[in-house]
Amino acid sequence: MTLARPLAGHTVLVTGAGGGVGRGLALALAGAGAAVVVAARRHDTGVSVAAEIERRGGTALPVGCDVTDADQVVGAVDAAVASFGALDHVVHNAASGRSSVVTDLLDVDRSAWQDHAGVALTALHRLARAAWPHLVKARGSLLVLTSPAGVEGSATLPLYAAVKAGQRGVVKALAREWGPAGVRVNGLAPLAMSPALENAYRENRELEARLAAITPLGRIGDPEEDIGPVAVFLCGAGAQYVTGQTIVASGGRFTAL
Amino acid sequence: MNAEAARPTWSAVVVGGQDTPRCPAVRVARALRLRQVEVEAVGRPDEDEVAAGCAAAARRAPLRAVVHAHLPSGVTGPTALVDLDDSGWARIVDESVLATLTTLQAARRSLDHGGTVLIVVPAVGLVGAVGHVAMAAAGEAQRALAKSAARAWRSAGISVNVVAVDPAELAPQGQMATVEPTPSGQLAGTAPPANGTGGVDGLADAALLLLSADAARTTGVTLVADGGATMLP
């Protein structure tokens, strides 16, 4: 481990790593020296990210993983340990494909809830259970990608806000539960470019300028350059006394947290 | 007594189990009735039952509030997350959230002329608690739903607020005990009153405050009523 590669010798499993923020996190964590298990629902996207990591001189293993499938979650954890001998950190980034679909609270039903919760919460539970014995051995960490929407609520994305809030509840409670074993649990709430936001920009050409105008740092975050370093910090020794917290990386957009 | 003065001027629906006098729904209903509010009790957060309860209440006095004080069925004593199976997680998290969603939706459809929705949740999600990860997730998800509803329904004159209580108040007697130290190091979880009559009932007091006319323009807030165990920044 060096200052330039603080995660050298570490193994990190990243879910939802086939694109968007997950891809950025995987690249940043690999750049920090970690061996990264690139878990993605669509295996081809994970292969592409892993190839990019390898091209840059890093170490990566692509794993097809639909986090709503309990067996695939266990399989991803097992693959990490089998390939690299350990699992130091888990970064749960996967989110429902409907996360950015505008919804009226009056119209949501059980299946809509399950669609969101299955990826954000139920999968988090399964991932935590599967990874626990390895994280204890490594005195590692669990990092959950949550959102400011979970704190503020959202008139247009109520279920997304609910599951993101639920994730923060997990972070706080699990940090207390796992702390005695030396395992840290934190949240990271980013404001970053994503495929959904890129789609939104294409549909509304003024949106990018409008969002930038209300963000103190004047831009939306880049997943690898802006969000990745925060994840590296939270996984690394620099955050060895940080647990139960949600760090917001939003360019100052959200300050009521 | 002057019969005019005693006639209820508004009504409320309280959703939640009525099994024992300690049930949160029973305590809130009692507190409202003591203040001359017409109360319709609905035992289950079923959309049709809540809607029927709202209609029944509205026939007796203008409906102004719906309170969700439902006890999730899966709540037991502290359980380590790694020892909680899928069904246990679903009973605590999914059932709690879906029950809240049901009440919110039914309330929105019934409060035609504005009003207040109050959701009672466990306070553990605010700071976390050992053995209650699922309940923390559920509580925070419910609070976010309430805030989302508050934002969406503001223009319709409907306020949505939350009372967060010690989780021991949300489980049948004897099944829960808060043993997690508070951030200040003091043991949390003062025992709730035996039957909610006499003595101090923080839940009922907080509910009355948020349901009062003085709080009509307050929305999206969480009032923590756990005897001071949780004090937010």
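Our structure is the block above this text.
The present account deals with the structure reproduced in this document. (Residues numbered from 1 in each chain as written. Chains lettered and ligands numbered in written order. Predicted model: local features only at pLDDT ≥ 70, side-chain atom pairs only at ≥ 80, totals over all residues. Heavy atoms only, no water.)

Observations regarding the interface of chain A and chain B
Listed by partner, the interface residues are 35 residues for chain A and 41 residues for chain B. D86(B) serves as the salt-bridge partner of R126(A), at 3.0 Å between the closest nitrogen and oxygen. The tally of links between chain A and chain B comes to 17 residue pairs in polar contact (both at pLDDT 80 or more). Mapped onto the side of chain A that touches chain B, the elements with two or more residues apiece are α4 (110-138), α5 (149-152) and α6 (158-178) of chain A. Examining the composition of the side of chain A that touches chain B, we find that 14 residues originate from one element, α6(A), more than from any other. Here the residues of the side of chain A that touches chain B sort into 19 nonpolar, 8 polar and 8 charged. (Contact = heavy atoms within 4.5 Å. Salt bridge = Lys/Arg side-chain N within 4 Å of Asp/Glu carboxyl O. Polar contact = N/O pair within 3.5 Å; in protein donor to acceptor, adjacent residues only side chain to side chain. Helix = DSSP H or I, 4+ residues; strand = E, 2+ residues; numbered from the N terminus. Nonpolar A, V, L, I, M, F, W, Y, C, P; charged D, E, K, R; others polar.)

With respect to helix α1 (residues 20-31) of chain A
Residue and element names in this part refer to chain A. Taking 1.5 Å of rise per residue, 12 residues should cover 16 Å, and α1 covers 17 Å from first to last C-alpha, within 8% of that figure. In terms of burial, α1 is largely enclosed, as 9 of its 12 residues are buried. All of the buried residues along α1 are V21, G22, G24, L25, A26, L27, A28, L29 and A30. On its buried face, α1 is in contact with β1 (11-14), β2 (35-40), α2 (43-55), β4 (89-92), β5 (141-145) and α9 (223-235). Looking one or two places after α1, you find G33, whose phi comes out positive at around 105°. (Expected span 1.5 Å × (residues − 1). Buried < 20%, exposed > 50% of the residue type's maximum accessible area, 1.4 Å probe, protein only.)

Quick word on the side chain of S154(A)
Mapped onto the secondary structure, S154(A) falls in the loop between α5 and α6. The exposure class of S154(A) is buried, given its relative accessible area of 11%. Only 3.3 Å separates the side chain of S154(A) from the backbone nitrogen of T156(A), close enough to count as a polar contact. Contacts of S154(A), omitting those with residues within four sequence positions, involve A161(A), S148(B) and R151(B).

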